[in-house]
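Remarks on the overall topology
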Amino acid sequence: MKVDNSLPLEYGTEQNKLNILGFWIFLGAEVMLFATLFATYFTLENRTGNGPAGAEIFELTPVLIETILLLTSSFTIGLGVHAMRLGRKNAMITFFSITLLLGLAFLGVEIYEFTHYASIGAGLQVSAFTGILLTTLGTHGAHVTLGLFWGLFIIMQVKKRGLTPETANKSFIFSLYWHFLDVVWIFIFSFIYLKGMM
Amino acid sequence: MSELFPRKQVMGFVFSLVLTAAALTVYFMDVSFAVGMTILLATAFIQAGVQLVGFMHAGESEDKVAIYANIYYGIAIALVTIFGTLLILVWDM
């Protein structure tokens, strides 16, 4: 395996570069997935039937907590990648662990939010609005859940094998995924919650 | 220790928080729908840009052109899908 030492470890081999490019293309497809969900949300937003409207069920506090948690986790994983590039394995593992804990806290608040919606009569099958709302939020939440397990396995590999071109590459790609989830959340926060409460 | 907290990323994080606070003005202040949406569109897209360029290092490798082309293409198709849907199904044009 030819390793180019002039580049960060995660770009070190030809395969690594292609993996990163390939993951960006995957993220392009993910953009499309969320775009269709947003398009459907904007279409069905006012079809509330006998159920509640967004303004009646959205609460700022949990949403703001979720936003801060995810924003901070996106920052800490960025620091993790930076530490990785300095070759500071333990610092990197610490930052990745903090990231996952913040992600877990985010998921906790979101699960609370979902049970709260269900308890006040805004379940999945109540109206077109609640259906698409929970589908959009749930798709994002499912991505975060997947990310938690993925990140956990990445940390275990780095612990076991150290920082190699392969583990660095996997860690960097995971950081791309995690930042992307934060980008999606920014749009959910702005155009579902804040727009709904405006 | 300070080498673990690069200035660029700390500033990016602070900037994200400021943009989040700016977006909150639509909740706490009495703004019209048009003004509110303008604020939200601006804060959301700037924040997405901070993530992509600052945190995701979109422009650092030799595949930069392909990566940016892919991002712009993704955004363009997303906007066409969303605004096309709005035009036909919501704004009834």
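Since the model is a prediction, treat every value here as computed from it, not as a measurement.

This part takes up the overall build of chain B. Each helix and strand counted, chain B has three helices and zero strands in total. For a compact globule of 93 residues, the expected C-alpha radius of gyration is about 12 Å, and chain B comes in at 17 Å, more than 25% above that figure. With the C-alpha coordinates aligned to their principal axes, the bounding extent of chain B is approximately 55 × 40 × 10 Å. In chain B, which comprises 93 residues, the proportion classed as buried is 25%.

Another aspect to go through is the overall build of chain A. The secondary structure content of chain A amounts to six helices and zero strands. From first element to last, N terminus to C terminus, chain A shows the α and β order α-α-α-α-α-α. In terms of its C-alpha atoms, chain A occupies a principal-axis envelope of roughly 65 × 30 × 25 Å. Of all 198 residues assigned to chain A, the portion counted as buried reaches 43%. A sequence separation of at least 24 residues applies to 77% of the contacts in chain A between residues at least 6 apart.

Okay, the interface of chain B and chain A next. Interfaces are frequently sized by the accessible area removed from exposure as the parts join. If you look at the interface, chain B gives 38 residues, while chain A gives 39 residues. Among the secondary structure elements, those contributing two or more residues to the side of chain B that touches chain A are helix H1 (7-28), helix H2 (33-55) and helix H3 (64-90) of chain B. The biggest single contributor to the side of chain B that touches chain A is H3 of chain B, with 14 residues.

Okay, the nonpolar core next. Phe 38, Val 184 and Ile 188 of chain A are the most contacted members of the largest nonpolar core, which totals 68 residues. Secondary structure elements with two or more residues in this core: helix H1 (14-44), helix H3 (60-85), helix H4 (89-119), helix H5 (128-161) and helix H6 (165-197) of chain A together with H1, H2 and H3 of chain B. Both of domain 1 (1-56) and domain 2 (61-93) of chain B provide at least three residues apiece to this core. Those residues in contact with Val 184 of chain A, other than ones at most four positions away along the chain, are Phe 34 and His 140 of chain A.

This part is about H4 of chain A. Residue and element names in this part refer to chain A. The end-to-end C-alpha distance of H4 is 45 Å, a good match for the 45 Å that 31 residues give at a rise of 1.5 Å each. Among the residues making up H4, those that are buried are Met 92, Phe 95, Phe 96, Thr 99, Leu 100, Leu 102, Gly 103, Phe 106, Glu 110, Glu 113 and Tyr 117. With its phi angle positive at about 80°, Gly 121 sits one or two positions after the end of H4.

A few words on the domain arrangement of chain B. In terms of domain boundaries, chain B breaks down into domain 1 (1-56) and domain 2 (61-93). Between the C-alpha centres of domain 1 of chain B and domain 2 of chain B the distance comes to 21 Å.

All names here are of chain A. Tracing the sequence through the fold places Glu 59 in the loop between helix H2 (54-57) and H3. Classification of Glu 59 as exposed rests on a count of 11 C-beta atoms within 10 Å. Placed 116 residues apart in sequence, Glu 59 and Ser 175 show a C-alpha to C-alpha distance of 30 Å.

An α-helical segment advances 3.6 residues per turn. Residues three or four places apart therefore align on the same side. In this model, H3 of chain B (27 residues) spans 37 Å end to end at C-alpha, consistent with the 39 Å of a helix rising 1.5 Å per residue. When we look at burial in H3 of chain B, the residues that qualify are Ile 67, Asn 70, Ala 78 and Ile 82 of chain B. Close packing links the buried residues of H3 of chain B with H1 of chain A.

Residue and element names in this part refer to chain B. For the pair H1 and H2, interaxial distance at closest approach is 9 Å and the crossing angle is 165°. Here H1 lies roughly antiparallel to H2, going by the angle between them. Crossing of H1 against H2: the hand is left-handed. Taking contact as the criterion, the partners of Lys 8, Gln 9, Gly 12, Phe 15, Ser 16, Leu 19, Ala 22, Ala 23, Thr 25 and Val 26 in H1 are, on H2, Gly 36, Ile 39, Leu 40, Thr 43, Ile 46, Gln 47, Val 50, Gly 54 and Phe 55. Its residues assigned to classes, the contact of H1 with H2 comprises ten nonpolar, eight polar and one charged.

A separate point is the confidence of the model for chain B. Taken over all residues, the pLDDT of chain B has a mean of 90, while the share at 70 or more is 100%. With pTM at 0.93, the complex prediction returns an ipTM value of 0.91.

How each quantity is defined
- Residues numbered from 1 in each chain as written.
- Chains lettered and ligands numbered in written order.
- Predicted model: local features only at pLDDT ≥ 70, side-chain atom pairs only at ≥ 80, totals over all residues.
- Helix = DSSP H or I, 4+ residues; strand = E, 2+ residues; numbered from the N terminus.
- Rg over C-alpha atoms; globule rule 2.2 N^0.38 Å.
- Buried ≥ 20, exposed ≤ 12 C-beta atoms within 10 Å, placed from the backbone.
- Contact = placed C-beta atoms within 7 Å.
- Core = buried A, V, L, I, M, F, W, Y, C linked by C-beta atoms within 7 Å.
- Domains from an automatic or database assignment.
- Expected span 1.5 Å × (residues − 1).
- Axes fitted to C-alpha atoms, helices over the stretch in contact; angles between N-to-C directions.
- Parallel < 35°, antiparallel > 145°, perpendicular 65-115°, else oblique.
- Left-handed = near helix turned anticlockwise from the far one by under 90°.
- Nonpolar A, V, L, I, M, F, W, Y, C, P; charged D, E, K, R; others polar.
- pLDDT = per-residue confidence, 0-100.

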